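Residue-level structure breakdown
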There are 2 protein chains.
Amino acid sequence: MGRVGLSTDRLVRAGAELADEVGFDQVTVSALARRFDVKVASLYSHVKNSDDLRTRIAQLALAELADRGDLALAGRAGKDALTALADVYRDYAREHPGRYAAAQLRLDPEAAAASAGPRHARMTRAVLRGYDLTEPDQTHAVRLLGSVFHGYVSLELGGGFSHSAPDTQETWTRILDALDTLLRNWPPQD
Amino acid sequence: MGRVGLSTDRLVRAGAELADEVGFDQVTVSALARRFDVKVASLYSHVKNSDDLRTRIAQLALAELADRGDLALAGRAGKDALTALADVYRDYAREHPGRYAAAQLRLDPEAAAASAGPRHARMTRAVLRGYDLTEPDQTHAVRLLGSVFHGYVSLELGGGFSHSAPDTQETWTRILDALDTLLRNWPPQD
DNA sequence: TAATTTGCCTAAAGCTTTTAGGCAAACGCA
DNA sequence: TGCGTTTGCCTAAAAGCTTTAGGCAAATTA
């Protein structure tokens, strides 16, 4: 019974893959041990507990998403940047549904601070530099974009838009058009 | 050891309360049995299994939400209807976070059909009657509203907007203003 | 009141989580 | 190269959740 070469990193990456295959809430220390053909207790040297494992997967997903966002935003501005960032979220969720679900995990303050969460807020603000908004409207707009991206992606992923009619790609395009229009003509207070 | 008077209905309602208190994913057959001071196995006469219990809680939440929506929409149109429906979702989520989480549960086709899901789609379409949209734009708009409502509420609930600055009520108001403006000036294709 | 249904029980098996303690492989250094 | 230390995976065990099977007594019905 030689050593398999476990490490926190390998466990977290395997956990992320597992999440994509069977769903984030089916990610369990036991299932992960099975996947490495190792006894369950062995994982507890690398991961504090089940919660720690899930938190780390969430942080991995947030970081991967932020990396993709940075790449997508490089050299883009205005509507181009808006759709690029929006597509990052949507594509990531479709490619990695389990990881995307993980990214939604409510993190406690320390874990949140150590995560890529703040990078996401910065990316959205970067998109808004292409529009003419000042505080506090900029913050309102950051929240609106976050809501639409997250809301659309999670409804689409959950099958909320199933009975096709117009396909979801067309809706997505039209929604981004609409957001662009809205941001260029943000209604004044009152 | 007399009878406690369990029934599927009482279990589901108690499960919904439990969800609001400890979170939907902490709702367990065991916890529910404890709450009724009854042995776990006793619940299995009233509920098929853990999944069945959760599905029923989800259906309860969807129905309650739809009931509130119907009340809120009665006699309202246009922006008035828009904000009334939006507030239904937001208020419900704040009053009943566990039930709101339950309402997000992915239901299998039969359970979904038996749920109040379709009523929600109808309510959103009813709001849009106050605006001048024809198909397929109306469907795009239904999806946009669903995304914003769900996205905003779940981000706010999850603490995604924590570091205040402008408070979330103000953002919510401004977002609804913005949506109203957008729906009255829906950008044409291309 | 007798017969039937129903409600909650005990028992038991299987799975997940988590801790404690042990042995041997790998590593680090003289 | 050999020795000591660290590290990785193990066995063992306790505790909690899920689910099924079968039993007895209370409630319902005739």
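Structural notes, computed from the coordinates. (Residues numbered from 1 in each chain as written. Chains lettered and ligands numbered in written order. Predicted model: local features only at pLDDT ≥ 70, side-chain atom pairs only at ≥ 80, totals over all residues. Heavy atoms only, no water.)

This part covers the overall build of chain A. Of the regular secondary structure elements, chain A holds 9 helices and 0 strands. Beginning at the N terminus, the succession of helices and strands in chain A can be written as α-α-α-α-α-α-α-α-α. The dimensions of chain A, computed from C-alpha atoms along their principal axes, are 70 × 40 × 30 Å. Buried positions account for 51% of the 190 residues belonging to chain A. Residue pairs at least 24 apart in sequence account for 71% of intrachain contacts in chain A once pairs closer than 6 positions are excluded. One finds the centroid of the 23 positive side-chain charges in chain A at a distance of 6 Å from the centroid of its 26 negative side-chain charges. (Helix = DSSP H or I, 4+ residues; strand = E, 2+ residues; numbered from the N terminus. Buried < 20%, exposed > 50% of the residue type's maximum accessible area, 1.4 Å probe, protein only. Contact = heavy atoms within 4.5 Å. Lys, Arg positive; Asp, Glu negative; His and termini not counted. Charge placed at Lys NZ, Arg CZ, Asp CG, Glu CD.)

Turning our eyes to something else, we now look at the protein's contact with DNA strand D. Near DNA strand D lie 20 residues; those nearest to it are G5 and S42 of chain A together with R3, T28 and R34 of chain B. The sugar-phosphate portion of DNA strand D accounts for 63% of its atoms within 4 Å of the protein, the bases making up the rest. Take H46 of chain A: an N or O atom from its side chain is 3.2 Å from a phosphate oxygen of DNA strand D. T28 of chain B is positioned with one of its side-chain polar atoms (N or O) 2.6 Å from a phosphate oxygen of DNA strand D. The leading source of residues in the surface near DNA strand D is helix α2 (residues 29-36) of chain B, at 3 residues. (Near = heavy atom within 4 Å. Polar contact = N/O pair within 3.5 Å; in protein donor to acceptor, adjacent residues only side chain to side chain.)

Our next topic: the protein's contact with DNA strand C. By nearness alone, 20 residues border DNA strand C, and R3, T28 and R34 of chain A together with R3 and S42 of chain B come closest of all. Between a phosphate oxygen of DNA strand C and a main-chain N or O atom of G5 of chain B, the distance comes to 2.7 Å. In this structure, H46 of chain B approaches DNA strand C through a side-chain N or O atom, which is 3.3 Å from a phosphate oxygen. When residues in the surface near DNA strand C are grouped by element, the largest group, 3 residues, is from helix α2 (residues 29-36) of chain A. Residue composition of the surface near DNA strand C, by class: 8 nonpolar, 8 polar and 4 charged. (Nonpolar A, V, L, I, M, F, W, Y, C, P; charged D, E, K, R; others polar.)

Moving on, we come to the pattern of salt bridges. Residues and elements named next belong to chain A. Overall, the coordinates contain 34 salt bridges over all chains when judged by the stated rule. Measuring nitrogen to oxygen at the nearest pair gives 2.5 Å for the salt bridge that ties R35 to E21. One end of the pair, R35, is in helix α2; the other, E21, is in helix α1 (residues 8-22), with 14 residues separating them in the sequence. E156 is paired through a salt bridge with R90; the nearest N and O atoms lie 2.9 Å apart. Residue E156 is located in helix α8 (residues 137-157), and its partner R90 is located in helix α4 (residues 78-95); the two are separated by 66 residues in the primary sequence. Among the residues examined, E156 registers a relative accessible area of 15% and is labelled buried. (Salt bridge = Lys/Arg side-chain N within 4 Å of Asp/Glu carboxyl O.)

Superposing chain B onto chain A takes a rotation of 180 degrees combined with a translation of 0.0 Å along the rotation axis, leaving an RMSD of 0.0 Å. As the rotation angle and translation indicate, the two copies are arranged about a two-fold axis. For chain B, the residue whose C-alpha comes nearest the rotation axis is G151 of chain B, separated from it by 1.8 Å. A shared interface surface links the copies, since 97% of the contact residues of chain B are contact residues in chain A too. (Least-squares fit on C-alpha atoms with pLDDT ≥ 70 in both.)

This paragraph deals with the environment of D137 of chain B. Tracing the backbone through its elements, the reader meets D137 of chain B in helix α8 (residues 137-157). Take D137 of chain B: its relative accessible area is 17%, and that puts it in the buried class. Spatially, the C-alpha atom of D137 of chain B lies 9.6 Å from that of P187 of chain B, the residues being 50 residues apart in sequence. Contact partners of D137 of chain B, with chain neighbours within four places excluded, come to R174 of chain A together with W186 of chain B.

On the side of chain A, 34 residues touch chain B, which itself brings 35 residues to the contact. Together, H140, R143 and R174 of chain B form the three largest contributors to the area buried by chain B at its contact with chain A, with a combined 25%. At the boundary of chain B and chain A, one finds 2 salt bridges. For the pair chain B and chain A, the interface holds 20 residue pairs in polar contact (both at pLDDT 80 or more). Taken together, the elements giving at least two residues each to the side of chain B that touches chain A come down to α8 and α9 (168-184) of chain B. With 14 residues, the top contributor of residues to the side of chain B that touches chain A is α8 of chain B. Here the side of chain B that touches chain A is composed, by residue class, of 14 nonpolar, 15 polar and 6 charged. (Buried area = accessible area lost by both parts, 1.4 Å probe.)

Further remarks concern the packing of α8 of chain B against α9 of chain B. Residue and element names in this part refer to chain B. Viewed as axis vectors pointing N to C, α8 and α9 meet at an angle of 175 degrees, and their least axial separation amounts to 12 Å. In terms of orientation, α8 lies roughly antiparallel with respect to α9. Side by side, α8 and α9 meet where A141, L144, L145, V148, F149, Y152 and E156 of the first sit next to T168, T171, W172, I175, L176, L179, L182 and L183 of the second. (Axes fitted to C-alpha atoms, helices over the stretch in contact; angles between N-to-C directions. Parallel < 35°, antiparallel > 145°, perpendicular 65-115°, else oblique.)

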